[in-house]
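# Residue-level structural notes
Listed below, chain by chain, are the residues.
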Amino acid sequence: MIEVAGIALSDDLLRRWVDWLAPDRQPFYVTARQAAEWELPLSDEEPDPQVRDTYHSYAVDGRLRSAWLPESAFSAYPRKVRARLVRAQVVHERGAVPAVRAWREVLGDEIRDQADGHRFVWWKSLLRDPEVLLPRIVSGEIGVSRHAKVGADVWRGVERLLPRAHELAGTFPEGSGPNCFGTVMAAAGIEGAESEWMQREPFDRWLDESTTRGGRDGVPGTVLVWRSADRAVQHAAVTLGAGWVLHKPSQSWMTPRKVRTAAEVLRATRTAGWRLQRHTLHR
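One structure accompanies this document, and this report is about it. (Residues numbered from 1 in each chain as written. Predicted model: local features only at pLDDT ≥ 70, side-chain atom pairs only at ≥ 80, totals over all residues. Heavy atoms only, no water.)

## Thoughts on helix H6 (residues 100–107)
Buried within H6 we find Val-100, Trp-103 and Leu-107. Each buried residue of H6 sits inside an arc of 85 degrees when the element is viewed along its axis, so together they form one side. Facing away from the buried surface of H6 by more than 90 degrees, the exposed residues are Arg-101 and Glu-105. Looking one or two places after H6, you find Gly-108, whose phi comes out positive at around 90 degrees. (Buried < 20%, exposed > 50% of the residue type's maximum accessible area, 1.4 Å probe, protein only. Helix = DSSP H or I, 4+ residues; strand = E, 2+ residues; numbered from the N terminus. Arc of directions from axis to C-beta.)

Right under this line is the structure:
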């Protein structure tokens, strides 16, 4: 068993991560003109949740088309086409298009030849040592969970308000979907919430029923809620006491239910237009 961001990862989940980071066929987003010029086979295929989160498909302009290519088809295109295609993914803000300079020492010069010499895409052929590469890829995105530094007295002090917080802290989900709202609700004892893509409406109902407005960051059971200008809830976390906070940064398969300091979480969630509210769990 290996560790990723301070969290133990099973061999089975590591194997699934390889498929999610580098599926046998991946989407390349292009304009209709680019597809015609580069002779790409367009498809209306929708990505599954894991692929959606790997490639940030939700953030790509909906007017673009997708070409789903296996490595063999991608590699068969002339390098000039491959270079333009990969560069277009950067322009179109698709995910998983890392910089060659960040990986050249690890993967070798072959990644310079894949496309334009500056960017590349992940294929399984590059993930020959997943137990070495996957932790580095994922850890670079999420930072380390500090759950192992939380003292036993803190965990004991939070048991009544957050009976499942200790169980959930420092765990990865079984796939994409589980998010910040479900993590907070599950920590408070809502069975199954940690496995759901919890929507805003049920979270807000739970918040109304289970908390009162106001709270302090240094005590257990304060639910931190960030809302945008339209009052829609955008993120949530919950305090454990002694300055620790439990949260899940996103619904992605690569973000764990992690523990960070309150200062770290507040800094990481600072977003223009968001306002922080505090709610106290009923005792």
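## As for the sheet that holds strand E3 (residues 25–30)
With antiparallel pairing, 3 strands are arranged side by side in an open sheet as E3-E5-E4. A strand with exactly one partner marks an edge of an open sheet, and here the two such strands are E3 and strand E4 (42–43). In terms of strand pairing, E3 meets strand E5 (residues 65–70) through 6 bridges, oriented antiparallel. Bridging from a neighbouring strand, Pro-27 pairs with Trp-68 of E5. Against the sheet, helix H5 (residues 79–91) touches E3 and E5, its axis set at about 75 degrees to E3. (Pairing = 2+ DSSP bridges. Contact = heavy atoms within 4.5 Å. Axes fitted to C-alpha atoms, helices over the stretch in contact; angles between N-to-C directions.)

Honestly, it's all geometry; don't read function into it.
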